[in-house]
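Fold and geometry: a report
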Amino acid sequence: GMQSHLQALLSLYKLFCPEQVTITLPGKMKTYFKNSEGPWKAAITAVRQRNQGTSPLSQAVFLGTSQPQSRKRKWNAQLVIPASSANTNHLGEGREKNWFYLYSPNESFPVEQLQTFPQLLQNIHRLEFPSQMGSVLTNPLLLHYMNCVKDESIYLRLYYWMGQRLQEECTWCVVDNPYEEEFKSFLETAYKAECFLQEGFSACEEFLYKTLPLWDGVCCRSEILKLVSWIPLSSFSDIKPYLFDPLAQLFFTSSIYFKCSVLESLKELLQNWLNCNVIQMDFEISS
């Protein structure tokens, strides 16, 4: 019989190929299929408005998601990485700068006082990560500590924080975004942290997969291609539709300089994969 989900499927067929569906369908039915062209139409509109410079509003156009209202900044807000601060307040009045030698073995060492590598070595078992995980991106000592302490919760905290910042500040997904230089600096900071850790962040990988289909190949080009070089190793079939297909469309329609930049980024991606694989093989052999 004519079940509701079958009627919805036939109505979809009739929308694209009306000559193939000859039966009469009811005019009002429950919507079972989202309009797949919605994000693309919104992306095209955003590019047109950006080029014309007559956009009255900012509109988020992330692929595969609904079109949320763009986040309103305070007039003096900036995209800044927070400073390191501990979860609890250990700062006593009148203490000397070398006070960490006076701490008991069971007492946590505040990250505000972490200044040198010897300090990190002497207090590595008493250190706790800051309350705002974003601060580790610009702190080499905390990145060292992050590399030593393989705690899944640490990576999850950083993943949620970075994912939110990348989504809210993406300059080619928001029309007339005046903070492009801040976003470039943030992407560069994330890339340097990846180079330090010798591995890519999951939040950056997810961000690239979502936004590369909407990228024009111009905005933040250098920073985006740098992040591409640290995408984790996975099967070709998994990353082809999200990485290689969007880059191929831009590759065949762009300048020689862009083509060379993409090839350089993919070469670095291959080198990182090979280095990661060699390290993993050495580890397995030694164990």
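Residues numbered from 1 in each chain as written. Predicted model: local features only at pLDDT ≥ 70, side-chain atom pairs only at ≥ 80, totals over all residues. Heavy atoms only, no water.

**Points about the overall build of the protein chain**
Along its length, the protein chain carries 10 helices and zero strands. Counted from the first residue to the last, the protein chain has its helices and strands arranged as α-α-α-α-α-α-α-α-α-α. Buried positions account for 36% of the 287 residues belonging to the protein chain. Of all intrachain contacts in the protein chain linking residues separated by at least 6 positions in sequence, the fraction that spans at least 24 positions is 62%. (Helix = DSSP H or I, 4+ residues; strand = E, 2+ residues; numbered from the N terminus. Buried < 20%, exposed > 50% of the residue type's maximum accessible area, 1.4 Å probe, protein only. Contact = heavy atoms within 4.5 Å.)

**Concerning the packing of aromatic side chains**
Taken as a whole, this structure holds 11 aromatic pairs when the rule is applied. Between Trp 172 and Phe 207, the aromatic rings sit 5.9 Å apart at their centres with planes inclined by 50°, giving tilted as the arrangement. Of the two residues, Trp 172 is situated in the loop between helix H5 (152–169) and helix H6 (180–197) and Phe 207 in helix H7 (residues 202–211); the sequence distance between them amounts to 35 residues. Among the residues examined, Trp 172 registers a relative accessible area of 3% and is labelled buried. Phe 207 sits in the buried class, given a relative accessible area of 4%. Through a chain of ring-to-ring contacts, three or more aromatic side chains come together here, namely Trp 172, Phe 183, Phe 207, Trp 215 and Phe 258. (Phe/Tyr/Trp six-rings, centres within 6.5 Å; stacked < 30°, edge-to-face > 60°.)

**As for the pattern of salt bridges**
One pass over the structure, following the stated rule, counts four salt bridges. The closest approach of N and O atoms between Glu 188 and Lys 226, which form a salt bridge, is 3.2 Å. Taken together, the residues span a long stretch of sequence, with Glu 188 in helix H6 and Lys 226 in helix H8 (residues 221–228) at a distance of 38 residues. According to the relative accessible area criterion, Lys 226 is partly exposed, its value standing at 25%. (Salt bridge = Lys/Arg side-chain N within 4 Å of Asp/Glu carboxyl O.)

**Topic: the confidence of the model for the protein chain**
Here the protein chain shows a mean pLDDT of 78. Residues at 70 or above account for 76%. Mean pLDDT across the elements of the protein chain bottoms out in helix H2 (residues 38–52) (74) and peaks in H8 (94). The low-confidence segment residues 54–77 (pLDDT under 50) makes 43 contacts with residues lying over four places distant or belonging to another chain. pLDDT under 50 marks residues 88–103. Its contacts with residues more than four places away, or in other chains, come to 23 contacts. (pLDDT = per-residue confidence, 0-100.)

**Section: the nonpolar core**
By size, the foremost hydrophobic cluster in this structure holds 55 residues, and its most contacted members are Met 146, Trp 172, Phe 201, Phe 207, Trp 215, Ile 224 and Leu 243. Elements represented by at least two residues in this core include exactly helix H4 (140–148), H5, H6, H7, H8, helix H9 (236–251) and helix H10 (256–286). (Core = buried A, V, L, I, M, F, W, Y, C linked by side-chain atoms within 4.5 Å.)

**Topic: the side chain of Arg 126**
Tracing the chain through its elements places Arg 126 in the loop between helix H3 (117–122) and H4. At 2.2 Å, the side chain of Arg 126 forms a polar contact with the side chain of Asn 123. (Polar contact = N/O pair within 3.5 Å; in protein donor to acceptor, adjacent residues only side chain to side chain.)

**Let's talk about the packing of H5 against H6**
At a minimum axis separation of 11 Å, H5 and H6 run at an interaxial angle of 150°. Judged by the inter-axis angle, H5 sits roughly antiparallel to H6. As for how H5 packs across H6, the hand of that crossing is left-handed. Taking contact as the criterion, the partners of Trp 161, Met 162, Arg 165, Leu 166 and Glu 169 in H5 are, on H6, Phe 183, Phe 186, Leu 187 and Ala 190. Partitioning the contact of H5 with H6 into residue classes produces seven nonpolar, no polar and two charged. (Axes fitted to C-alpha atoms, helices over the stretch in contact; angles between N-to-C directions. Parallel < 35°, antiparallel > 145°, perpendicular 65-115°, else oblique. Left-handed = near helix turned anticlockwise from the far one by under 90°. Nonpolar A, V, L, I, M, F, W, Y, C, P; charged D, E, K, R; others polar.)

**Describing the packing of H7 against H8**
Two elements in contact, H7 and H8, have axes whose closest approach is 10 Å; the angle formed by their N-to-C orientations is 120°. In this view, H7 runs oblique relative to H8, as classed from their interaxial angle. In terms of crossing hand, the pair formed by H7 and H8 is left-handed. On H8, the residues that touch Cys 204, Phe 207 and Leu 208 of H7 are Ile 224, Leu 227 and Val 228. Class assignment for the residues of the contact of H7 with H8 results in six nonpolar, no polar and no charged.

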